[in-house]
Amino acid sequence: MRWIALIIIPALIAGLFVLDERQRDTHDVAISDVVVAMPISPKTDAFGSTWYCAAGAVGATGADHRLLVANPGEDEITAQVTIFPAIPNDRGSSDAAEVIEHQLDIPALSTGELSMFAFLGELDSDFLKLAEVHVAALVEVDSPLAVVTHEVSNSSGTGMGPCASTASGSWYLAAGTTTRDARMVLSIFNPFPDRAVVDISFATDDGLRRPDAYVGVVIPGRSLVAIDTGIEVTRRSEVATTVEARTGRVVVEKTQIFTGEDGIDGTGVSLAAPEPRLQWYFPLGSGDPADDSATFVIYNPTDMVADVDLDVRPDDATTGGVEPFQLTIPAGQRVVVPVNVEPGHPVSEFQTVDTSARVPADASHWVSIRSFNQVPVVAERLLTRNSAPGIGAAVTPGAPVAAGRQLLPIPSGDGAVSLGILNPSSETIGRITIYAISDGEETAIAEVADIEIAPRRRLVVDLEELGVAAEAVRINATIPVIVEASGVGDPTDRWSMMAVPGAEFVSEPELFSF
Amino acid sequence: MLAGFAAQDYERLSVVVIDAGSMTTDVTTRVQAVLPNAEVHKMLRNPGFASAAGEALEVANGAPFLALCHDDVVPRPDAIRLLVEEAIRSNAGAVGPKLVEWENPRLISQVGLGADKTGALAPYAEPGELDQEQHDAVRDVFALPDAFILVRTDLFRALRGFDPEMKYHGEELDFCWKAHIAGARVMVVPEAVARHRERIEDRRDDSDRERLRRRHQVKTLASSYGLWHTIRVVPQALFVSLIEILTAIVTLQGSTVRSIAGGWWWTIIRPLTILRRRRWIRAVRQLSDSEVRRFQVSGFAPLSSFLRGHSPSPATTEGVVQRSRDLARSVRSGPSRSAIALWVMVALVLWFGSRHLIGRSIPAVGELALFPDGPAELFQSWFSSWRPPGLGSDGFAPTAQGFLALAGVIFLSGMSLLRTVLILGAIPLGAIGVWRALRPFSRLTRVVSVIGYLAVPLPYNALANGSWSALILYASTPWILSRLARAAGAPPFDRLRTSTVLSALSLGLVVGLSAAFVPFTVAIVGICAIGILAGSFVAVDGRGMGRLLLTTLTGTIVGLALNLPWTADFFGPDTTWAGFGGSRSIQPGTLSVSQLLRFDTGPLDSGLLGWGLLAAAALPLVLARSWRFSWAVRGWMLYIASVALAWVGQQEWLDVGLPRPEVLLVPAAVGLAIAIGMGMAAFEIDLQQYRFGWRQLIPWGAFVALIFGTMPVLAASTDGRWDMPKGDFNPTLAALDAATEPATVRTLWIGHADVLPVGSWVFDEELAFSATDHAVPDVADLWVGNLTEPTDQLAAALDLLLAGGTSRLGQLLAPTGVRYIIVVERLAPAPFGDVVEPVRPSLLARLAEQLDLERIESREGMVIYQNTAGAAVRSELAAATLATAETDSPIDAFSVDLEDSVPALSESSGHSTSRGPLAADTEMYLGSATGNWKLKVDDSSAVRSETFGWSSVYTYNDPGAAQLTYETPLGNKLMMGGQAALWIIGLALVAKLSRRDRDRLMGQEVS
């Protein structure tokens, strides 16, 4: 009976080998964390949400940092606001002052606001005697549904953007201007108990710059450090920035101020991107060159060359397609792509692509940016206008993700608000409904209830035209969409920002192919 | 004998016969019938030979020499004359004849005795050696057998004769050593011959021979050297004794262990006697120790003897000759020599490979946790129903803690040594298990099997991966298999087949002992049974398989029963798999079949050479016949079943995670060792039945393959630590413990179960978690039990953290007392060790974003956060902070600020009591999930109320000295007592039944 064993034993071992080979293929799928490179509100089963509003200042010149806390829920919520002041010093940086806490109650289905200028002025009028005090805010809300944005205003205008919902060890800003008429202030906020040490570097026309003063910058625990980069960085039309933490995690936000000396007068606030991505979307693109001048800046912070396409998609199908701009971005460098720019709009002379021949001047459009060689990049858009109405500037990072539900607080008094809703899917038709939240009520806007959006198309909604004056809008969609809003701030500054997705509804759009 | 003295040609001979308490009355008559002038000196009782010889001095009447002689020695007629002549000629103090065997005078019994520096005897002639006059030169020797010795009377008197305390065995060495010290020559005169009957056992119960010999040897050693040599030599002697003890343990000679250890103990407890002897010897000393040493043999006689294949303890007197001759004969035979060589080699390789682990310490990585300072804490932990893991619970401690406490007592609280023995000793214990399991097979078969078992990389990888479970199973599985094989009684085990009851009980004891540490042992028994059954099926040899199944079932039940009430946890409604299978589970798709087949589960990667063991195991499949073939196939099927299970465990087909591959592959190692051994059996028995041909070449190929197969292990031994990390995290963790009040805070552990230094519960497929009431883990933290509802809060908190649901984790965890959160990503700090299990980046990111966690610097591989939200297990709060607050559920932690709480009752006393003062207008919070803690403040009971849905807050009226005590329910105490009784009864039953079974087997053999 020896042969039975001589057959069975080798057969069993061989069988194991065969099965192993088959099964092994199924284990090759790596599990990775989805890191969202933009602010999102947490899942609905969270105990609350925490927001970090890094950029902003108050001061004798009337500068204000206003927080907007949108409550889309049906219960009153409480936001515990911790304010971190930082007083500028003569080294172009700032020194942290004592933190101040404040509680803000927000009724159901409404938006709460906190003007730090007013609050700090009431608390200690000495604050307002200083020309400028940078103030960051940590906002802990006892509801996961809430969304916090902030408005930064000064004598040059108003900038708006969502506060950060996460901290990171690295942050990237593609756009930035340090010309004579511009100030670029980096607010580095460390709300955590541990200190952070960061290195700051810049990609300029002269290549990579790493000023000594910005190497090993210590951000003490629970403090804000605001850096006016013009002190150390030479005057440049376009500067890309990388902030890398050696230890700790921080939040980095940029305040871009144009003083009007060379035409542009405005303020933009822009949260840095915590990581480069393969794809970015900008749903709103104006078709009137007199309206807005836009410059897209694509920054490659990696050490490999990125092959990137910038695709300008006109709304009007009869216009015909625009061939994508194929960009090669060297490691550690950025490329500037101006679209329909007017004189006075800051454009670098280096690494700049001329688009005027291909993009029709009157074509309203949306823009996508996609890396094709798996080297991720960061994209940001500078929007300027030097004539009324809506004079000013806005700096907006692109949206890397889409979501089926998003929320957008709208500053009070901003009537001319446009929403751009983009369906990034290549095949699926999406249906959307927009709800207006105001005065404790949430109502679907009839004109935009269950509206269809074709694949790779966008819907632009002018709330002013619809007569909607909401404190916030909620966008529900049957598929993940990307939502951007823009408007004219108070006094008349242009602003633009992406809506804030809910974590449960976030997904990565399928990679664009052209 | 009397006639022999009557025939002496020495004219001035006077004979004195000492009647040492004989019961007969006709001694004088019988003596005087042969020696009319002889004097008979009667003693009322037998004081032993040494004292009796001392009586000779009383009646010497001025004789210059005394010839002391046993009553079973017959000297040749010229013997005394020759001895006297030589004593005078050489000015010797003591001389002795050549002793020859009684029955055959051509065989030498003894011709003087040598001794090494420790006093171990080394005879000059091989007992039973043919007398060819090769020893016939007169020479100085170190000692003479007192069977016949001629001494100068003045010397004998000056040296006070033999030590009266040394009644038998060893007195001659002691006397001769003293003679040397006194400057006297001790010589052997081979021309003088005496026959020696050597039948002391006919006259007294000589079973204590070895015990007396050891005892007297140590006494002589301790008292004969001067101070400097004592300091030098005694430690060496102690070391040799330890080696002898280890050898005796390995060869299962319990009486030898007792004799050696008893010898030292007997001497140690007589310090005054030794000091007096030393003082007296100093007074008579004429020669320095260095000069005396010239007469001693070099080296260590026991080791030299062992290496030469001699008995290590050749006694000088009766009865030894036959034993020595038997041993010498057996040593000459090949298999026995190979067995001795095997164990020497095994000991050397294991010592060499573990030398840094033995000499320094075994790093506390994975399951190789430190032991507490003494056994008391373990005992209390075992007996108490308070289970600290997680947030604490009521329950029963694993039996292992009781065993470790018991072992700690045996090791005289040497817990560090105990830990080393229990970890490193598993490897030789497993090898011994294989040796014992294959008792019916030839020695060479067993030798080859043991080599095969030791050559698999499994135990060394288990060490490097910190898997104590695998090591314990590596030690116990061969013993389990041995019981199964004997129970089945399949040839050749039919000769050793035990009764069903004994089989079940003895298997149950082994399973119970192993399962006390590794509950998964129960499954391993099943795998062994299935493998053997499958093998029997494939080999078409099903003899005894019914008995095998029955024994497996009953033995497993007994094993589980012996671990009651702890094992009851495995069958309750809240049972979690980790309690039984452990949380260190096999990872999906990490090891290929090829790696599993070669046991390459860790840093010891056998590579291509690993196939050598399989090649060697293939030999019997081709050559073996009969039961050799059956057992080879059984070994192979056991091997395949075990490998297949490890492979299936990686496929995520099961709802539960099977244990680490080292654990699952232990039966495979045993199966492979059996198959390899059967190759040797086939070589010995079956090969000669084949005609000359290609089959004759196969064994040589298998031999070469086996050599190759052992190479990886031999190579791995060179680093002296089996690739174990050179450090652990304990220095970092100890600093955390030092920074807090003892046991007032908890540590939350997060990471992959394989790298966590504590037992853990599964969180998801990547992460596990646990909580301990100290930062430096100890062995008691390995068994976490079932996941209770309160402890599940920790998982809920972790879930919330990962979902980004909170930025105040510290506040959420504050009521749980979690002060430290430790994320572990490596088995040992970088750069030590290869086991790295990074956690998902989002976990670290989320932790870094908590507003109330502060990071503490630590070594790479461990991320530590301190909770700044005031967490403590026992804390003192302002009155009415919790007692009146609405804190019904864990989530209410967000509404309570514990930041100002103060750790309380930090004075711990044992496992379940703590004390300290409590101030006025306060309440005490206790973050332990049980109501069995009772608080007394100045002997008044505090009122307990539940808070957060699981913990306690105590209120009291007045401040004062407080004591918090865990009260183990009486029923639980009785059950623990019952468990101890069950073990004792089980052991006693097995001992009794084994004796009966042994008698039965011997009866069968005789018939």
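Just so it is clear, the structure is predicted and the values come from calculations on it, not from any experiment.

The next point concerns the overall build of chain B. In terms of regular secondary structure, chain B is built from 36 helices and 30 strands. Across its three principal axes, chain B shows a C-alpha extent of roughly 115 × 80 × 50 Å. Among the 1007 residues that make up chain B, the fraction classed as buried is 59%. Of the contacts made within chain B by residues no fewer than 6 positions apart, 77% connect residues no fewer than 24 positions apart. Element-wise, carbon and sulfur atoms account for 58% of the exposed surface of chain B, whose accessible area totals about 39800 Å². Side chains of chain B give 88 positive and 97 negative charges; the mean places of these two sets differ by 11 Å.

Here we come to the overall build of chain A. The helix and strand tally for chain A stands at 3 helices and 37 strands. Taking 24 Å as the expected radius of gyration for a compact globule of 514 residues, we find that chain A reaches 24 Å, a close match to that expectation. Each principal axis of the C-alpha distribution contributes one length, and for chain A these read about 100 × 55 × 55 Å. Across the 514 residues of chain A, 60% fall into the buried class. For chain A, long-range pairs separated by at least 24 residues make up 79% of all intrachain contacts whose partners lie at least 6 apart in sequence. Carbon and sulfur atoms provide 50% of the accessible area of chain A, an area that totals close to 18700 Å². Across chain A, 32 positive and 71 negative side-chain charges occur, with their mean positions spaced 8 Å apart.

Quick look at the state of the cysteines now. When the sulfur atoms of two cysteines share a covalent bond, that bond is a disulfide. Inspection of the entire model under this criterion finds 1 disulfide over all chains. Linked covalently through their sulfurs, cysteine 53 of chain A and cysteine 163 of chain A form a disulfide whose S-S length is 2.0 Å. Residues cysteine 53 of chain A and cysteine 163 of chain A share a disulfide whose torsion about the S-S bond is about 105 degrees; that sign makes it right-handed. Highlighted residues: cysteine 53 of chain A in strand β1 (residues 49-53) and cysteine 163 of chain A in the loop between β10 (157-162) and β11 (170-173), separated in sequence by 110 residues. Here cysteine 53 of chain A falls in the buried class, since its relative accessible area comes to 0%. Given a relative accessible area of 0%, cysteine 163 of chain A falls into the buried group. Here cysteine 69 of chain B is not disulfide-linked; the sulfur of cysteine 176 of chain B is the nearest cysteine sulfur, at 15 Å.

Further remarks concern helix α22 (residues 500-517) of chain B. Taking 1.5 Å of rise per residue, 18 residues should cover 26 Å, and α22 of chain B covers 26 Å from first to last C-alpha, within 8% of that figure. Across the 18 residues that make up α22 of chain B, a large majority, 15, are buried.

This paragraph deals with the interface of chain B and chain A. Chain B puts 53 residues into the contact, and the matching count from chain A is 35 residues. Between chain B and chain A lies a buried interface of about 3400 Å² when both sides are counted; carbon and sulfur atoms form 64% of it. Looking only at chain B, the three residues that lose the most surface to chain A are Trp647, Glu849 and Leu851 of chain B, adding up to 18% of its buried area. The partner of arginine 808 of chain B in a salt bridge is glutamate 140 of chain A, and the shortest N-O contact between them spans 2.6 Å. Linking chain B with chain A are 10 residue pairs in polar contact (both at pLDDT 80 or more). Listing elements by their share of the side of chain B that touches chain A, those giving two or more residues are α26 (593-597), α27 (611-623), α28 (626-649), α35 (841-848) and β19 (853-856) of chain B. By residue number, the principal contributor to the side of chain B that touches chain A is α28 of chain B, which donates 8 residues.

Here the focus is the nonpolar core. Judged by nonpolar contacts, the single largest core of 163 residues is most densely connected at Leu463, Trp468, Phe517, Trp636 and Tyr639 of chain B. Counting residues in hydrophobic clusters, the runner-up holds 51 residues, among them Leu66, Phe156, Val218 and Ile281 of chain B.

This brings us to the packing of aromatic side chains. Residue and element names in this part refer to chain B. Under the counting rule described, the total for this entry stands at 32 aromatic pairs over all chains. Each ring, one from phenylalanine 379 and one from phenylalanine 383, has its centre 6.1 Å from the other, and the planes form 5 degrees; the classification is stacked. Within this pair, phenylalanine 379 and its partner phenylalanine 383 are both found in helix α15 (residues 375-383), separated by 4 residues, close to a single helical turn. Residue phenylalanine 379 is classed as partly exposed on the basis of its relative accessible area of 43%. Overall, the relative accessible area of 27% leaves phenylalanine 383 in the partly exposed class. On the numbers, 4.8 Å between centres and 85 degrees between planes, the contact of phenylalanine 403 with tryptophan 983 is edge-to-face. You can see phenylalanine 403 sitting in helix α16 (residues 399-410) and its partner tryptophan 983 sitting in helix α36 (residues 970-1006), a full 580 residues away along the chain. Of the two residues, phenylalanine 403 and tryptophan 983, neither departs from the other in class, the shared state being buried. An aromatic cluster is built from Phe371, Phe403, Trp468, Phe517, Trp783 and Trp983, whose rings are joined through pairwise contacts. Cation over ring: arginine 139 sits above tyrosine 124, and NZ or CZ is 4.6 Å from the ring centre.

Thresholds applied
Residues numbered from 1 in each chain as written. Chains lettered and ligands numbered in written order. Predicted model: local features only at pLDDT ≥ 70, side-chain atom pairs only at ≥ 80, totals over all residues. Heavy atoms only, no water. Helix = DSSP H or I, 4+ residues; strand = E, 2+ residues; numbered from the N terminus. Buried < 20%, exposed > 50% of the residue type's maximum accessible area, 1.4 Å probe, protein only. Contact = heavy atoms within 4.5 Å. Areas by Shrake-Rupley, 256 points an atom, 1.4 Å probe, with all protein chains shown as cover. Lys, Arg positive; Asp, Glu negative; His and termini not counted. Charge placed at Lys NZ, Arg CZ, Asp CG, Glu CD. Rg over C-alpha atoms; globule rule 2.2 N^0.38 Å. Disulfide = S-S within 2.5 Å. Expected span 1.5 Å × (residues − 1). Buried area = accessible area lost by both parts, 1.4 Å probe. Salt bridge = Lys/Arg side-chain N within 4 Å of Asp/Glu carboxyl O. Polar contact = N/O pair within 3.5 Å; in protein donor to acceptor, adjacent residues only side chain to side chain. Core = buried A, V, L, I, M, F, W, Y, C linked by side-chain atoms within 4.5 Å. Phe/Tyr/Trp six-rings, centres within 6.5 Å; stacked < 30°, edge-to-face > 60°. Lys NZ or Arg CZ within 6 Å of the ring centre and 35° of its normal.

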